[in-house]
Amino acid sequence: MQFHSYPNIYPTSLTLKIQDLETSIKFYENIIGFRLLAKTDKNAVLTVDGTTPLLYLEQLEKAESKNTRTTGLYHFAILVPSREDLGIILQHLLKSGFPLQGASDHNVSEAIYLADPEGNGIEIYRDLPAENWQWQNDFVQMSTLAMDAEGVLEAGSNNEWNGLPAGSIIGHIHLHVADLEKTVAFYVEGLGFDIVQKYGTQAYFISTGKYHHHIGLNIWNGRGIPAPKAENVGLKYFDLKIPTEEKRNEIAERVEKLGEVIEKKDDIFYVSDPSGNTIRLIIK
């Protein structure tokens, strides 16, 4: 997919802290359609293609439920290749009886929303053709309209669900933040993203390579909210693919000038944004 490849910077995977590993594995396999790649007593790795990790689950020793008034994950978004794929998934979700939270047409994509059993938000979406996106200067037109569910179901009506389709990836990450302006500056001035849409003083959408968004940032949980405790269920960190070692070193230098700390472990750089959301900067 053109917006999730070199030379762009984009999310590739994420790690969730959870309370119940077995329940989460069953949900992500049977409802979402991931495949189990690896498992231990407290950890699991989920994939689509049988090789590439997309979602890591870590069961906490002493877990506390997800706090809804903190920074952290609003949702992670699984991008599927086509409207047909989305239709097959919607048909499966409706048959499963698992509760959905909504379905929207965003002018650039069609999306289905739900949450896992521990309250982590999930979006499953397909992009409309990029040549049909409407841009005004550097801002892309995005709305929240009712999705044409009948049209989506019709597109997938001739096929049976067999898990997430080949080519599915993590399309974007959407975060709750405490200080919108300072956090946006971190991603733009530090990491090198571009602002491609904003909604007043409540939410910004940022990307590289003119994607509609690789990351969403909002203050819908409130300004000045705290970061979650280590024991809280939710996002541990997400991974950003950096195109080269040179680019990653440049990013690290800029981030440190903004007053943030880069921690280096093996071949991975760790950094937290000003709202306490942790990111791993990877090049492989």
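Each remark here, short or long, concerns the structure printed above.
Now for a quick tour of the structure. Owing to the predicted nature of the structure, the values given are computational and were not obtained by experimental measurement.

Turning next to the sheet that holds strand E13 (residues 194-199). With respect to topology, 9 strands assemble into an open sheet ordered E11-E6-E7-E8-E5-E12-E15-E14-E13, the strand pairing being mixed. The open sheet has two free edges, formed respectively by strand E11 (145-146) and E13, since each of these has just one partner strand. Pairing between strand E14 (residues 203-207) and strand E15 (residues 215-218): 4 bridges, direction antiparallel. Across the sheet, residue Ile206 finds its bridge partner in E15, namely Ile215. Along the sheet face, helix H2 (residues 83-96) touches strand E5 (72-80), strand E7 (109-115) and strand E8 (121-127) and points at about 30° away from the line of E7. In the packing of helix H4 (residues 180-191) onto the sheet, the strands contacted are strand E12 (169-176), E13, E14 and E15, and the crossing angle to E15 comes to about 160°.

Spatially, 8 strands are ordered E2-E3-E4-E1-E16-E19-E18-E17 in an open sheet, and the strand pairing comes out mixed. Two strands bound the open sheet, and with one partner strand each, they are strand E2 (35-39) and strand E17 (263-265). Averaged over all pairs of adjacent strands, the angle between their axes in this sheet comes to 25°, without regard to strand direction. Inspection of the sheet shows E2 paired to strand E3 (residues 43-47) by 4 bridges, in the antiparallel sense.

Here the focus is H2. Compared with an ideal rise of 1.5 Å per residue, which puts 14 residues at 20 Å, H2 spans 20 Å between its outermost C-alpha atoms and is within 8% of the ideal. For H2, the secondary structure elements touched by its buried residues are helix H1 (21-32), E5, E7, E8 and helix H3 (149-155). One or two residues past the end of H2 sits Gly97, with phi positive at roughly 80°.

What follows concerns H4. For an α-helix the count is 3.6 residues per turn, leaving residues at separations of three or four pointing the same way. Here H4 contains 12 residues, and its C-alpha end-to-end distance of 15 Å stays within 8% of the 16 Å for a straight helix at 1.5 Å per residue. Within H4, burial applies to Leu180, Thr183, Val184, Phe186, Tyr187, Gly190 and Leu191. Put simply, Asp179 is the residue that caps the front of H4, since its side-chain oxygen is 3.3 Å from the backbone nitrogen of Glu181. Directly after H4, the chain includes Gly192, whose backbone phi takes a positive value near 95°.

Attention now goes to the pairing of E14. In terms of residue burial, E14 counts as a mostly covered element, since 5 of its 5 residues are buried. Taking every second residue as pointing to the same face, both faces of E14 are buried, with Ala203, Phe205 and Ser207 on one and Tyr204 and Ile206 on the other. Sheet analysis places E13 next to E14, joined by 5 bridges and oriented antiparallel. Following the sheet pairing, Ile195 is matched in E14 by Ile206. With antiparallel pairing between neighbouring strands as the criterion, E13 and E14 make up a hairpin whose turn holds 3 residues, including Gly200 at a positive phi of roughly 55°.

This brings us to the environment of Ala166. Mapped onto the fold, Ala166 is located in the loop between H3 and E12. Discounting residues that sit within four places of it in the chain, Ala166 has contacts with Val48 and Pro81.

Moving on, we come to the pattern of salt bridges. Applying the stated rule across the entire model yields 13 salt bridges. Two residues, Lys236 and Glu58, come together in a salt bridge whose shortest N-O distance is 2.8 Å. Of the two residues, Lys236 is situated in strand E16 (residues 234-241) and Glu58 in strand E4 (residues 53-59); the sequence distance between them amounts to 178 residues. Across the salt bridge formed by Arg223 and Glu181, the nearest N and O atoms sit 3.3 Å from each other. Taken together, the residues Arg223 in the loop between E15 and E16 and Glu181 in helix H4 connect sequence positions 42 residues apart. Residue Glu181 is classed as partly exposed on the basis of its relative accessible area of 40%.

Another point: the side chain of Asp116. Inspection of the secondary structure puts Asp116 in the loop between E7 and E8. As a buried residue without a salt bridge, Asp116 has its nearest oppositely charged side chain in Lys66, at a separation of 7.7 Å. At 2.9 Å, the side chain of Asp116 forms a polar contact with the backbone nitrogen of Glu118. Side-chain polar atoms of Asp116 contact the backbone nitrogen of Asn120, separated by 2.9 Å. If we ignore the near neighbours within four places in the chain, the residues touching Asp116 are Leu16, Phe27, Tyr28 and Ile122.

Parameters at a glance
- Residues numbered from 1 in each chain as written.
- Predicted model: local features only at pLDDT ≥ 70, side-chain atom pairs only at ≥ 80, totals over all residues.
- Heavy atoms only, no water.
- Pairing = 2+ DSSP bridges.
- Helix = DSSP H or I, 4+ residues; strand = E, 2+ residues; numbered from the N terminus.
- Contact = heavy atoms within 4.5 Å.
- Axes fitted to C-alpha atoms, helices over the stretch in contact; angles between N-to-C directions.
- Expected span 1.5 Å × (residues − 1).
- Buried < 20%, exposed > 50% of the residue type's maximum accessible area, 1.4 Å probe, protein only.
- Polar contact = N/O pair within 3.5 Å; in protein donor to acceptor, adjacent residues only side chain to side chain.
- Salt bridge = Lys/Arg side-chain N within 4 Å of Asp/Glu carboxyl O.
- Lys, Arg positive; Asp, Glu negative; His and termini not counted.

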